[in-house]
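Descriptive analysis of the structure
For reference, the chains in residue letters:
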Amino acid sequence: MTHPTPTPTDPRRARLLLVADHVHPYIYRAAFPAGLPPVDAVLAAGDLPGDYLEFLATKLPVPVVYVHGNHGNEHVHEGDLRLPPRGVVRAHGRVVQVAGLRIAGWGGVPQYRTPHEGQDSPGQFTPRQAAWGLRRLAWQARRGVDVLLTHAPPEGPHAGTDHAHRGAPELNAFMRRTRPALVVHGHIHEYEGKKTEYLDVDSGARVVNAYGYRILDL
């Protein structure tokens, strides 16, 4: 079966604030966003507390788009209630359009822990779940996509050396099929000592590790 080559969108120049994995003190402060250049959107690549996401939404008059990580801490706790963060856009498994950009989202990481007593491993996906879900997402992105926002890295230079931080080959397949200009991921912390970005030769995508925070012009 052949697939039509997606037609890339033609977005205006956009400035993005990228965050992932770490509640950075420069962001999470009373004076924020003082000192921050104007941005068009925030992309949150997982493993960030729900109250941090809500903080960003209340402090910045731009869309905050997020995917979940593997630790399940994106919810907000109010008494006995566990609520999704408010004022933000959940992108997992769908394509959203903000700031003139089409953004495809995929949260979680390849499964590294066996579920116990029949329970699922929150924030982890099997190869079958990733293959099915990302094929469905690619169908939604058939008109073109500018950004892939994910928690796990694709296979390549940013993949971790240990099993829990390995790259997801299903993401590479999605990149080859849809050819996003930018891939934003989290999950790979500074201890790996990796470069913050690289160019994926197969898809032409710029792949960026959003750990902590970054300002990026697209």
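Remember, predicted model here, so these are calculated numbers, not experimental data.

**Concerning the nonpolar core**
Of all hydrophobic cores here, the largest spans 22 residues; its most connected members are Leu16, Leu18, Leu43, Ile103, Leu149 and Val184. Listing elements by their share of this core, those giving two or more residues are strand E1 (15-20), strand E2 (41-44), strand E7 (95-98), strand E8 (101-106), strand E11 (147-150) and strand E12 (182-185). The element that contributes the greatest number of residues to this core is E1, accounting for three residues. Setting aside its immediate chain neighbours within four residues, Leu149 contacts Leu43, Ala44, Ala45, Val65, Tyr66, Val67, Ile103, Ala104, Gly105, Trp106 and Val184.

**Description of helix H2 (residues 127-140)**
The end-to-end C-alpha distance of H2 is 20 Å, a good match for the 20 Å that 14 residues give at a rise of 1.5 Å each. Of all the residues in H2, the buried ones are Ala130, Gly133, Leu134, Leu137 and Ala138. One side of H2 carries all its buried residues, which in axial view fall inside an arc of 140 degrees. With respect to the buried face of H2, the exposed residues turned more than 90 degrees away are Arg128, Trp132, Arg136 and Trp139.

**Some thoughts on the pairing of E1**
In terms of residue burial, E1 counts as a mostly covered element, since five of its six residues are buried. Direction of pairing for E1 relative to strand E15 (residues 212-217): antiparallel, over a ladder of six bridges. Residue pairing in the sheet places Leu16 in a bridge with Leu216 of E15. Pairing analysis gives four bridges linking E1 to E2, with the strands arranged parallel. Note on E2: the bridge partner recorded for Leu16 is Ala41.

**Some details on the sheet that holds E15**
Ordered in space as E6-E3-E2-E1-E15, the five strands form an open sheet in which the pairing is mixed. The open sheet has two edge strands, strand E6 (89-90) and E15, and neither has a second partner. The strands touched by helix H1 (residues 50-59) within the sheet are E1, E2 and strand E3 (64-66), with E3 carrying the most contacts at an inclination of about 155 degrees.

**Thoughts on the sheet that holds strand E13 (residues 197-199)**
As summarised here, the arrangement of the six strands in space is E7-E8-E11-E12-E14-E13, forming an open sheet in which the pairing is mixed. Looking along the sheet, the strands with just one partner apiece sit at the ends: E7 and E13. Neighbour to neighbour, the strand axes of the sheet diverge by 20 degrees on average, direction disregarded. Where E11 meets E12, three bridges bridge the pair, whose relative direction is parallel. Bridging across to E12, Val147 finds its partner in Leu182. With respect to the sheet, H2 is in contact with E7 and E8, its orientation differing from that of E8 by roughly 165 degrees. Packed on one face of the sheet, helix H3 (residues 169-178) meets E8, E11, E12 and strand E14 (206-209) and runs near 170 degrees to E11.

The rules behind these values
- Residues numbered from 1 in each chain as written.
- Predicted model: local features only at pLDDT ≥ 70, side-chain atom pairs only at ≥ 80, totals over all residues.
- Heavy atoms only, no water.
- Core = buried A, V, L, I, M, F, W, Y, C linked by side-chain atoms within 4.5 Å.
- Buried < 20%, exposed > 50% of the residue type's maximum accessible area, 1.4 Å probe, protein only.
- Helix = DSSP H or I, 4+ residues; strand = E, 2+ residues; numbered from the N terminus.
- Contact = heavy atoms within 4.5 Å.
- Expected span 1.5 Å × (residues − 1).
- Arc of directions from axis to C-beta.
- Pairing = 2+ DSSP bridges.
- Axes fitted to C-alpha atoms, helices over the stretch in contact; angles between N-to-C directions.

Taken by themselves, the reported measurements are silent on function.
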